[in-house]
Amino acid sequence: FEGVVAARVAAVEKHPGADKLSVCAVEAGGETLQIVCGAPNVRAGMMVPLARIGAKLPGGLEIRAAKMRGVESRGMLCSARELGISEDHEGLLELVKA
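Anyway, here's the lowdown on the structure attached to this text. (Residues numbered from 1 in each chain as written. Predicted model: local features only at pLDDT ≥ 70, side-chain atom pairs only at ≥ 80, totals over all residues. Heavy atoms only, no water.)

1. Looking at the environment of Ala18
Turning to step 1, where the next piece is worked out: Positionally, Ala18 belongs in the loop between strand S1 (2–14) and strand S2 (22–28).
Turning to step 2, where the next piece is worked out: Assessed through its relative accessible area of 9%, Ala18 is described here as buried.
Turning to step 3, where the next piece is worked out: Each C-alpha atom, one on Ala18 and one on Gly38, is 9.6 Å from the other, the two residues being 20 residues apart in sequence. (Helix = DSSP H or I, 4+ residues; strand = E, 2+ residues; numbered from the N terminus. Buried < 20%, exposed > 50% of the residue type's maximum accessible area, 1.4 Å probe, protein only.)

Next up, the structure:
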């Protein structure tokens, strides 16, 4: 994959139009991006892989800006399966310091 960086989830709010989605403020590379996320384990303070707009993921998926139920999303927070590194798709891949 390419175009994926480590990012910190700064804040998480419920999506105003969808019970299973969250609207996240995500910090990466000195900027804060709004990302709509459906992962059940997303929480403020966690470090996660962020596929930026233009990122290319396994299976030919290219990340684009999108509106999800009327809310703009500027990338995608990723699970290990979405990155092609394992079959785990229970939630976001949490990055921890070694």
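2. Things to note about the pairing of strand S4 (residues 47–57)
Turning to step 1, where the next piece is worked out: Relative to S4, S1 runs antiparallel, the two sharing 6 bridges. Looking across to S4, one finds that Ala7 is bridged to Val48.
Turning to step 2, where the next piece is worked out: Note: S4 against strand S8 (residues 75–77), 3 bridges, orientation antiparallel. Pairing of Leu50 across the sheet is with Leu77, part of S8.
Turning to step 3, where the next piece is worked out: Note that S4 and strand S5 (residues 61–62) share 2 bridges and pair antiparallel. Paired with Lys56 across the bridge in S5 is Glu62. (Pairing = 2+ DSSP bridges.)

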